[in-house]
Structures are given as C-alpha cells and as structure tokens.
Amino acid sequence: MKTQNLVKNLGLLLMVIMFTIPAADSFAQNRRRANDCSQISNLTVEQNKQLTDLRADHLKVMDALRAERRAAVSDSDRANVREKMQAELSKHTNAVSAVLTPEQREQYLQNRNPNAQCFSGKGRRGRGCGNGCGQGRRGRQGRGNW
C-alpha cells in the first residue's frame, strides 16, 4: 500500500515537473531571443541566410559595446558608448531593411521588439515616472509607507 502511494506521488511529481519547466521557460524575459524577422512572411532562403548573418554580427558588436559600457567609469564614457550602441542599432535596422522587399519592410517595422526602445534618456526602463509609479509602492518618492 505504501509503495503504491509512493509510486503515485512520484508520478504526480514528475508530471508537475514536466509541465512547469517549459512554462517557466516561455515566461522568461530575454530580449536577445526575440527575433524581429521571425514574423515576416514570404522570406526567401537567401533573405533568411542574410538576415541570420546580420543578426549574428549585430549581436557580437552589441555584446562588445555592452561590455565596454559596463567597464566605463564616468558618465560621459557611458554616454559615448550609448551613442555608439544607438548608431549600431540604426545601422543594423538599415541593413535589415535593405535586404527586405517593401511589403516585408512594413512587417519588419510593425514587428520590431518593443523592449528595445524602452529606455528613456535617463536609462530607466518602462513608462513609469521614476517615483515608484505603477510599481505597487505607496508614497511620493516610492519609499516608506509600506
């Protein structure tokens, strides 16, 4: 009797694990995995190859720039790296647009990753006012009054 209960409980545990691991992975917020070109219809094999190569090169350059930004000591150095990153992003967008047809270009611009543009000028993410607005906090400055 105890062995049957143990086997049944282990089976239920395995079922829960099997369903939670893929669900947790699908909710992960990783901007790098989002591909703007995956939703474009009628891509040729050659276009697909070009877009894959462009994306790989872009990610390498952006990784190097991110490392440079993390290593920067002063605010002016970080601002310079940020300008380089924005220039690289616009260069990549122009290169992708050059590969696509006008109809595909429209789809690309509609499907762009919304997370890529969520930084304001002060480096904050999202659309909040920066004082704890919309973050579940009370109080004027987002501190205290919990």
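Residues numbered from 1 in each chain as written. Predicted model: local features only at pLDDT ≥ 70, side-chain atom pairs only at ≥ 80, totals over all residues. Heavy atoms only, no water.

A. Quick look at the overall build of the chain. When helices and strands are counted, the chain shows four helices and zero strands. Along the chain, helices (α) and strands (β) appear in the sequence α-α-α-α when read from the amino end. Burial analysis of the chain (146 residues in total) assigns 16% to the buried set. The long-range fraction of contacts in the chain, counting pairs at least 24 apart against all pairs at least 6 apart in sequence, stands at 51%. Counting only carbon and sulfur atoms, one obtains 54% of the accessible surface of the chain, whose full area is about 11600 Å². (Helix = DSSP H or I, 4+ residues; strand = E, 2+ residues; numbered from the N terminus. Buried < 20%, exposed > 50% of the residue type's maximum accessible area, 1.4 Å probe, protein only. Contact = heavy atoms within 4.5 Å. Areas by Shrake-Rupley, 256 points an atom, 1.4 Å probe, with all protein chains shown as cover.)

B. Examining the pattern of salt bridges more closely. This model, assessed by the stated rule, comprises five salt bridges. Among the ionic pairs, R78 bridges to D75, the shortest N-O distance being 2.6 Å. One end of the pair is R78 and the other is D75, both in helix 3 (residues 75-99) and three residues apart, which spans about a single turn. Judged by its relative accessible area of 32%, R78 is partly exposed. What makes D75 exposed here is its relative accessible area of 59%. (Salt bridge = Lys/Arg side-chain N within 4 Å of Asp/Glu carboxyl O.)

C. Structural detail: the confidence of the model for the chain. The share of residues in the chain with pLDDT of 70 or more is 66%, and the mean pLDDT across the chain is 76. Confidence over residues 29-33 falls short of pLDDT 50; this stretch has 10 contacts with residues more than four positions distant or in other chains. Note on residues 116-123: pLDDT under 50 across the span, and nine contacts to partners over four residues away in sequence or across chains. (pLDDT = per-residue confidence, 0-100.)

D. Main features of the nonpolar core. With seven residues, the main nonpolar core is built from C37, I40, L51, V96, V99, L100 and Y108. Setting aside its immediate chain neighbours within four residues, I40 contacts L100, Q104, Q107, Y108 and N111. (Core = buried A, V, L, I, M, F, W, Y, C linked by side-chain atoms within 4.5 Å.)

E. Structural context of unusual backbone geometry. Phi angles above zero are rare outside glycine, and N42 is one such case at about 60°. Counting through the fold element by element, N42 comes out in the loop between helix 1 (2-26) and helix 2 (45-71). We classify N42 as exposed; its relative accessible area is 69%.

F. Spotlight on the side chain of H58. Position of H58 relative to the elements: it lies in helix 2. Those residues in contact with H58, other than ones at most four positions away along the chain, are E88, L89 and H92.

G. Structural context of the environment of A95. Turning to its location among the elements, A95 is positioned in helix 3. On the accessibility criterion, A95 (25% relative accessible area) is partly exposed.

H. Looking closely at the environment of S90. Residue position: S90 is located in helix 3. Of the residues examined, S90 reaches a relative accessible area of 37% and is grouped as partly exposed. Engagement of the side chain of S90 in a polar contact is seen with the backbone oxygen of A87, the distance being 2.9 Å. (Polar contact = N/O pair within 3.5 Å; in protein donor to acceptor, adjacent residues only side chain to side chain.)

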